[in-house]
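Summary of structural features
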Amino acid sequence: MAVKTKPGAATLPLNEILGGDCIEVMNGLPEGSVDLIFADPPYNLQLRGDLHRPDNSRVDAVDDAWDQFASFATYDKFTREWLAAARRLLKPNGAIWVIGSYHNIFRVGAALQDAGFWILNDVVWRKSNPMPNFRGKRFTNAHETMIWASKSEGAKYTFNYEALKTLNEGLQMRSDWVLPICTGHERLKDANGDKAHPTQKPESLLHRVMVGSTNPGDVVLDPFFGTGTTGAVAKMLGRSFIGIERDAGYREAATARLARVRKFEGAVLETSTSKRAEPRVPFGQLVERGLLRPGEVLVSPRGQAAKVRVDGSLVSAEHRGSIHQVGALLEGAPSCNGWTYWQFKREGRLIPIDLLRQQLRAEMGQRPS
């Protein structure tokens, strides 16, 4: 699907895989049109000869032509050029993720900073099932590093903190992610039963990236699309994608894969949000709407009572003020969240007044917290 960005501007080829050199293709796309870039560039592994297991069987290592560069200078030039093209495409509040290994990620990080990006985090993907180091001369390479950066210092960017916290069972998401490498049914195979791509990333990794740093409807660009993990996850999560891949075989595998992906829709795409991001609902609005009536009695957890007044304030035997002020005075505390403190009675049951606030938020098009 192609979308016009402005009258007379080039079209944005949403949910398509574009063939060709990533730098040339990116330079042909509309400036400032992409919300997020996820880049898995060549690692420049500098492999020398075949790698064998202890039983002398050959390891299917990354020895493809696309990962081979004549020198570090050649690789650095390539990195600077694709990053410049990527930065041109990002919206002012857009961001980029780049993944790599010790072979290249430090060079890429310096190039990101030189290009004007502002590094937000480096995230370590710790593989729960890494490939062993068969030669026994170094530590097992059990992790890769991702750099998350905004387009510039001070730029706004999407960070769904509460969604990631919920994904992590209520704990703040850390910058070390323990996830398995791509294996089993998720690993794409070719007609011979071999890996369709040597460095296919797991969908779990892209799921976390997109839930944390995009919103439904955002446009995600992957300039090194491979067999389409970024596109598959974007499609599932209700994001649009643009893939760029120069290898026809990878494009074919990715196209077949994307045709099998089921898109999630509706409420399942919604994520947890911070209470600070929700619209403010004054307590007096509950009175105006008739959800609570003047003179109705609210009850504290310890059974203390206060009556609702017409202006949304409360009056108890000794105190007057807002739901927060009266609650704090009754508890002898410096502050009190009146929304979770007070309850009202309906049909013999005590109900937190916060449920009424959630009802109003739902009417305003917000999901209750």
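Within any chain, residue numbers begin from 1 and follow the written order of that chain's sequence. Under the rules for a predicted model, residues below a pLDDT of 70 receive no local features and side-chain atom pairs below 80 are neither given nor counted, while totals for whole chains, interfaces and linings still include all residues. Only heavy atoms go into the side-chain values, all of them from the structure, while hydrogens and water stay out.

Thoughts on the overall build of the protein
Note the threshold: Helix numbers and strand numbers start at the N terminus; a helix is a DSSP run of H or I with at least 4 residues, a strand a run of E with at least 2. Throughout this description, buried means an accessible area under 20% of the type-specific maximum (1.4 Å probe, protein chains only), exposed means over 50%, and partly exposed covers the range between. Throughout, a residue-residue contact means that at least one pair of heavy atoms, one from each residue, lies within 4.5 Å. Accessible areas in this description were obtained via Shrake-Rupley with a 1.4 Å probe; residue shielding takes into account the shown protein chains only.
When you go through the protein residue by residue, the secondary structure sums to 11 helices and 16 strands. Looking at the protein as a whole, 45% of its 369 residues qualify as buried. Long-range contacts, defined here as pairs at least 24 residues apart, represent 66% of the contacts in the protein between residues at least 6 apart. On the protein, roughly 19,600 Å² of surface is accessible, and the fraction owed to carbon and sulfur atoms is 50%.

Notes on the nonpolar core
Heads up, the condition is: Definition of nonpolar core: a set of buried residues of the types Ala, Val, Leu, Ile, Met, Phe, Trp, Tyr and Cys, connected through side-chain atoms within 4.5 Å.
The biggest cluster of nonpolar side chains holds 33 residues, and the ones touching the most others in it are Met26, Ile37, Trp82, Ile96, Leu112, Leu221 and Ile242. Of all the secondary-structure elements, those providing two or more residues to this core are α1 (22-27), β4 (34-39), α2 (72-89), β5 (90-100), α3 (105-114), β7 (143-150), β9 (219-222) and β10 (240-245). With seven residues, α2 is the single largest residue contributor to this core. Not counting residues within four places of it along the chain, the set of residues in contact with Met26 comprises Trp82, Ala85, Ala86, Arg88, Leu89, Leu221, Pro223 and Ile244. Core analysis: the next-biggest nonpolar cluster, separate from the first, contains 32 residues, Trp97, Val123, Val220 and Ala254 among them.

Some words on the pairing of strand β15 (residues 343-346)
For the record, the criterion: Only when DSSP finds a minimum of two bridges between them are two strands counted as paired.
Where strand β11 (residues 297-299) meets β15, two bridges bridge the pair, whose relative direction is antiparallel. In the sheet register, Leu298 faces β15, and the bridge partner there is Phe344. Examined bridge by bridge, β15 and strand β16 (residues 349-352) share four bridges and lie antiparallel to one another. From the neighbouring strand, Phe344 faces β16, where its bridge partner is Ile351. Between the antiparallel neighbours β15 and β16 lie two residues, among them Glu347 with a positive phi of about 50 degrees.

Re the side chain of Asp40
The condition that has to hold: What qualifies as a polar contact is a pair of N or O atoms within 3.5 Å, subject to a donor-acceptor requirement within protein and to the restriction that residues adjacent in sequence count only when both atoms come from side chains.
Of note, Asp40 is situated in the loop between β4 and α2. Given the relative accessible area of 13%, Asp40 is considered buried. At 3.3 Å, the side chain of Asp40 and the side chain of Tyr43 are in polar contact. A distance of 2.8 Å separates polar atoms of two side chains, one belonging to Asp40 and the other to Lys201. Excluding its chain neighbours within four sequence positions, the residues that come into contact with Asp40 are Ile99, Thr199, Lys201 and Phe224.

Considering the sheet that holds strand β12 (residues 305-308)
Read from one edge to the other, the open sheet built from six strands follows the order β14-β13-β12-β11-β15-β16, with strand pairing classed as antiparallel. Two strands in the sheet have a free side with no partner beyond their single neighbour: β14 (320-321) and β16.

Thoughts on the environment of Asp194
With respect to the helices and strands, Asp194 occurs in the loop between β8 (176-179) and α5 (203-213). A relative accessible area of 43% places Asp194 in the partly exposed class.

Comments concerning the confidence of the model for the protein
Worth spelling out the cut-off: On a scale of 0 to 100, pLDDT captures the predictor's confidence in every residue.
Within the protein, residue pLDDT values average 87, and 88% of them lie at 70 or more. Confidence over residues 47-54 falls short of pLDDT 50; this stretch has 17 contacts with residues more than four positions distant or in other chains. Per-residue pLDDT stays below 50 along residues 57-62; that stretch engages in 19 contacts with residues further than four places along the chain or on separate chains.

Structural notes on α3
Basically, it comes down to this: Working note: the arc is built from the helix axis to C-beta atom directions.
Buried within α3 are the following residues: Ile105, Val108, Gly109, Ala111 and Leu112. Viewed end-on, α3 has its buried residues packed into an arc of 165 degrees, placing them on one side of the element. The outward face of α3, more than 90 degrees from its buried face, is lined by the exposed residues Phe106, Gln113 and Asp114. On the buried face of α3, the contacting elements are α2, β5, β6 (118-127) and β7.

Some words on a nonpolar patch on the surface
Definition in use: For patches, a residue must show more than 30% relative accessible area and have no salt bridge; joins then use 9 Å for like charges and 5 Å for nonpolar side chains, namely Val, Leu, Ile, Met, Phe, Trp and Tyr. Each reported salt bridge corresponds to a side-chain nitrogen of Lys or Arg within 4 Å of a carboxyl oxygen of Asp or Glu.
A surface patch of nonpolar side chains, amounting to about 280 Å² of accessible area, comprises Tyr157, Phe159 and Tyr161. Assignment of secondary structure puts Tyr161 in helix α4 (residues 161-167). Take Tyr161: its relative accessible area is 30%, and that puts it in the partly exposed class.

As for the environment of Ala155
Position of Ala155 relative to the elements: it lies in the loop between β7 and α4. Its relative accessible area of 16% is what places Ala155 among the buried residues. The spacing of Ala155 and Gly94 is 61 residues in sequence and 8.3 Å in space, taken between C-alpha atoms. The contacts of Ala155, once residues within four sequence positions are left out, are Pro92 and Ser150.

Describing the pairing of β12
Examined bridge by bridge, β11 and β12 share three bridges and lie antiparallel to one another. Each residue of the ladder has a partner; that of Val299, found in β12, is Ala305. Linkage of β11 to β12, two consecutive antiparallel strands, is achieved through a turn of five residues, within which Gly303 is found at a positive phi near 85 degrees. Here β12 runs beside strand β13 (residues 314-315); their pairing, made up of two bridges, is antiparallel. By the bridge assignment, Lys307 is partnered in β13 with Val315. Hairpin geometry of β12 and β13 is characterised by an intervening segment of five residues between the two adjacent antiparallel strands and by a positive phi of about 85 degrees at Gly312.

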